[in-house]
Amino acid sequence: MKDSTIKNAYEAAKERYAELGVDTEKAIESLKKISLSLHCWQTDDVTGFENQGGELTGGIQVTGNYPGRARSIDELRADIIKVTSLIPGSHRLSLHEIYGDFGGKAVDRDQVEPKHFQSWMDWAKESNLKLDFNSTSFSHPKSGNLTLANPDKGIRDFWIEHTKRCRKVSEAMGKYQGDPCIMNLWIHDGSKEVPANRLKYRQILEQSLDEIFAVKYRNMKDCIEAKLFGIGLESYTVGSYDFYLGYGAKKGKIVTLDTGHFHLTESVADKISSLLLFTPEIMLHVSRPIRWDSDHVVIINDDLLDLTREIVRCNALNRIHIGLDYFDATINRIGAYVIGTRSTQKALLMALLEPQRKLQQYEAKDQLFQRLALQEELKSMPWSAVWDMFCLQNDVPAGDNYIAEIEKYEKAVTSKRK
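So, a few notes on the structure that sits alongside this text. (Residues numbered from 1 in each chain as written. Predicted model: local features only at pLDDT ≥ 70, side-chain atom pairs only at ≥ 80, totals over all residues. Heavy atoms only, no water.)

Some words on the packing of helix H1 (residues 3-19) against helix H13 (residues 383-393)
And step 1. Running from N to C, H1 and H13 point in directions that differ by 130 degrees, and their axes come no closer than 8 Å. Overall, the two elements H1 and H13 adopt an arrangement that is oblique. For the element pair H1 and H13, the recorded crossing hand is left-handed. Counting all contacts with H1, which are made through Asp 3, Ile 6, Lys 7, Ala 9, Tyr 10, Ala 13 and Tyr 17, the residues of H13 involved are Trp 383, Ala 385, Val 386, Asp 388, Met 389 and Leu 392. (Axes fitted to C-alpha atoms, helices over the stretch in contact; angles between N-to-C directions. Helix = DSSP H or I, 4+ residues; strand = E, 2+ residues; numbered from the N terminus. Parallel < 35°, antiparallel > 145°, perpendicular 65-115°, else oblique. Left-handed = near helix turned anticlockwise from the far one by under 90°. Contact = heavy atoms within 4.5 Å.)

Printed below as a string of structure tokens:
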């Protein structure tokens, strides 16, 4: 797509949006400030570098065997750099603990230290990325069905120590980069059948969390993430949404909303305005569930649009952190990465281009026909011309031009990985 074509289309779009009272330049500037937290595990199918070839457990599944999976830290970093060259703006990278730079040595999860992530901190700084972090309670001989909610003190203490150390790693990251590292805590704990006493395990989990969060840090932020169910653990989830919402509101913790961790008829967007009243901030993990928490590549659909509109309508961009959380090994992994990231940014742009004042005026006057009519007309407004200009300004491919770039990278790099 020629630069002149993009500029001409943008000027026409700018004029049309101005008629609705929307400043496209302001929308572009707002979008530029939104840093998405990219998930490192799309590049290597959640394998990490702690236990090469280890089986995924904890209800996590990655389907597909498309060639080119990243097999080392260097390959994973190269893939991420390629991804960031194809998405506009500056962003963050979210690491799981199993992605540490262990130097080929066996380091169990209750022994992890900030030094195991120093090379990540250095690399991220050089690459203009900030880091976020996640504890890793799955795919380990001691994970089983219960970790932090395990009645066995030995196993429970192992995971408590692991999570404490992950918080310490996050603090080191945040201090090093001069920006708080957001650490997400998610566990798969649950039961295939309904337990004899649901309360018992939730009491244990609460006690574990209290011990983990006893130390206060200045350079990291804690997030707690719920789940609806896990494969093999369908009937009971200890860390349910109700549990973490209550804990987060009571203890002042950030509650993570993963769009794949709720019943498919629930609206995650509808939860935003409620959480903003009772929790300090919100962490979003954007995914696309199909029938269950299958973590499909994010695309522009009604759920995503509803979510991004709600963030903007609540004027909450400064209180809501947006991360991606999906993995697809059936297609080119870099392509999956770029599609999901750009789709999320496009949905945010569409929300930023909404004539909120005009819509609110209609609503205040009970002009509901006019409100609905304008909402429908917005769907065919030339938002894509504004997106192309945003890409042009950030020196990344506009339109579908990124497809050829990914094909070149596959031919030169990922196709050679055996």
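Side note on unusual backbone geometry
And step 1. Unusually for a residue other than glycine, Asn 315 sits at a positive phi of about 55 degrees.
And step 2. With respect to the helices and strands, the residue Asn 315 is situated in the loop between helix H9 (302-313) and strand E12 (320-324).
And step 3. Even without being glycine, Asp 366 reaches a positive phi, approximately 60 degrees.

Points about the pairing of strand E11 (residues 292-296)
Successive side chains on a regular strand alternate, one facing one side of the sheet and the next facing the other.
And step 1. Pairing analysis gives two bridges linking strand E10 (residues 288-290) to E11, with the strands arranged antiparallel. Bridging across to E11, Ile 290 finds its partner in Trp 292.
And step 2. The turn linking E10 back onto E11 is made up of one residue, and Arg 291 within it adopts a positive phi angle of 70 degrees. (Pairing = 2+ DSSP bridges.)

Brief notes about the nonpolar core
And step 1. Residues Leu 93, Leu 95, Trp 120 and Leu 257 are the most contacted members of the largest nonpolar core, which totals 118 residues.
And step 2. Residue contributions to this core peak at ten residues, all from helix H10 (residues 333-352).
And step 3. Once residues within four sequence positions are removed from consideration, Leu 95 is found in contact with Cys 40, Trp 41, Phe 117, Trp 120, Leu 131, Asp 132, Phe 133, Asn 134 and Met 173. (Core = buried A, V, L, I, M, F, W, Y, C linked by side-chain atoms within 4.5 Å. Buried < 20%, exposed > 50% of the residue type's maximum accessible area, 1.4 Å probe, protein only.)

That's the geometry; what it means functionally is another story.
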